[in-house]
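# Structural features, examined
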Amino acid sequence: MVLSDFDRTLSSDRESFILREDVAKIVNYFSAKYLFFVVTGRERKYINILARGLSPTGWIIENGGIILIKDKEIKLTDENWYSIREKIIKKLDKEGIPYSVGEVIIYVNSAFENKRKLEEIVEAKVEWNRNDAMIMPHNVSKGNAVLFLKSYLGFKGKTIGIGDSQNDIPLFNVVDLKVAVANALPEIKSMADIVLDKEDGEGVKDFLLRILNGEINIDSLPIKRFSK
Ligand SMILES: O=C(O)COP(=O)(O)O
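Residues numbered from 1 in each chain as written. Predicted model: local features only at pLDDT ≥ 70, side-chain atom pairs only at ≥ 80, totals over all residues.

Spatially, E6-E7-E9-E8 is the arrangement adopted by the four strands of the open sheet, whose pairing is antiparallel. Among the strands making up the open sheet, the edge pair consists of strand E6 (100–101) and strand E8 (125–129). With two bridges connecting them, E6 and strand E7 (residues 106–108) associate as antiparallel partners. The residue bridging Val101 from the neighbouring strand is Ile106, located in E7. (Pairing = 2+ DSSP bridges. Helix = DSSP H or I, 4+ residues; strand = E, 2+ residues; numbered from the N terminus.)

Before going further, it helps to spend a moment on the pairing of E8. Where E8 and strand E9 (residues 132–136) come together, five bridges link them in antiparallel fashion. Residue pairing for E9: Glu127 is matched across the bridge by Met134. The turn joining E8 and E9, which pair antiparallel and follow one another in sequence, is formed by two residues; a positive phi near 55° is taken by Arg130.

Ranked by size, the top nonpolar core spans 57 residues in total, and within it Leu3, Phe37, Ile60, Ile160 and Val179 carry the most contacts. Split by domain, the residues of this core number at least three in each of domain 1 (2–76 + 141–212) and domain 2 (80–136). Those residues in contact with Ile60, other than ones at most four positions away along the chain, are Phe37, Val39, Ile67, Lys142, Ala145 and Leu149. (Core = buried A, V, L, I, M, F, W, Y, C linked by C-beta atoms within 7 Å. Buried ≥ 20, exposed ≤ 12 C-beta atoms within 10 Å, placed from the backbone. Domains from an automatic or database assignment. Contact = placed C-beta atoms within 7 Å.)

What follows concerns the environment of Asn80. When you line up the elements, Asn80 lands in helix H3 (residues 80–95). Residue classification places Asn80 among the exposed positions, given that 9 C-beta atoms sit within 10 Å. C-alpha separation for the pair Asn80 and Ser100, spaced 20 residues apart in sequence, amounts to 20 Å.

Next up on the list: helix H8 (residues 200–212). The end-to-end C-alpha distance of H8, which contains 13 residues, comes to 19 Å, matching closely the 18 Å that a straight helix rising 1.5 Å per residue would cover. For H8, the set of buried residues is Asp200, Gly201, Gly203, Val204, Lys205, Phe207 and Leu208. Tucked inside the fold, the buried residues of H8 contact strand E1 (2–4), helix H1 (21–33), strand E10 (160–163) and strand E11 (177–180). One or two positions beyond H8, positive phi appears at Gly214, with a value near 85°. (Expected span 1.5 Å × (residues − 1).)

A few words on the environment of Lys142. Along the chain, Lys142 turns up in helix H5 (residues 142–153). Considering only alpha carbons, one finds Lys142 and Phe30, 112 residues apart in sequence, at a separation of 21 Å.

Taken in spatial order, the eight strands line up as E5-E4-E3-E2-E1-E10-E11-E12 in an open sheet, and their pairing is mixed. Looking at which strands have only one partner, the edges of the open sheet turn out to be strand E5 (72–75) and strand E12 (194–195). By the bridge criterion, four bridges tie E10 to E11 in an arrangement that is parallel. Bridging from a neighbouring strand, Ile160 pairs with Leu177 of E11.

This part takes up unusual backbone geometry. Phi is positive for Asn63, close to 55°, though the residue is something other than glycine. Position of Asn63 relative to the elements: it lies in the loop between strand E3 (58–61) and strand E4 (66–69). Its identity as a non-glycine residue notwithstanding, Arg130 has a phi of 55°, on the positive side. Accessibility expressed as a C-beta count within 10 Å gives 15 for Arg130, which makes it partly exposed.

Right, let's get into the domain arrangement of the chain. Under the domain assignment used here, the chain contains domain 1 (2–76 + 141–212) and domain 2 (80–136). For domain 1 and domain 2, the distance between their C-alpha centres works out to 24 Å. With twelve residues of domain 1 in contact, the opposing surface of domain 2 contributes ten residues. Considered class by class, the residues forming the side of domain 1 that touches domain 2 number one nonpolar, six polar and five charged. (Nonpolar A, V, L, I, M, F, W, Y, C, P; charged D, E, K, R; others polar.)

Structure (structure tokens):
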């Protein structure tokens, strides 16, 4: 099973995060043979805007808050969260920190200057993606969503996680093989088993082709580290 991040992993900031057609085509081809999930901090509304034509096996969105698979949707939070979320929103309003609210999590973009204030929030967890912050229930993460998904599907095979940034660390913590794109943050590269030669979608495309060509055997992981 391959679990890939979206922003700066499948798509590029240089292309306003709009997924390229050639990348979508390889992912779709790959997803017809193997399980492939996009694991992203993004909200559902961006799927059609940024990833038009992409048909992975499923999506883990809102940084692990929601799983979308076929026509099923699973929210990985409980009802208590929504009253906690209201309290946090009131605090953000009081501090004058701009935010937007997803179906589950709260997004605070370009939040670095408010890092200290955000870290004072104890009722929830704050995760970063470069300079953007996401506020979510303590038990929500990309990693927990992957663990849930594996048991939901009864999946016993190997898992490969591909990512670039801080919110991919919980994903890396639960997969059998950690893969970083060439443009990943240094801390992500140093955690990775494999660092790809190319950036974002180009790197992922090459990597998926290596699996499809039989160069990497997805069933016999761990494989040797072949670049770093
Ligand atoms: O932060 C976001 O909204 C998206 O981020 P990700 O796809 O890199 O997880």
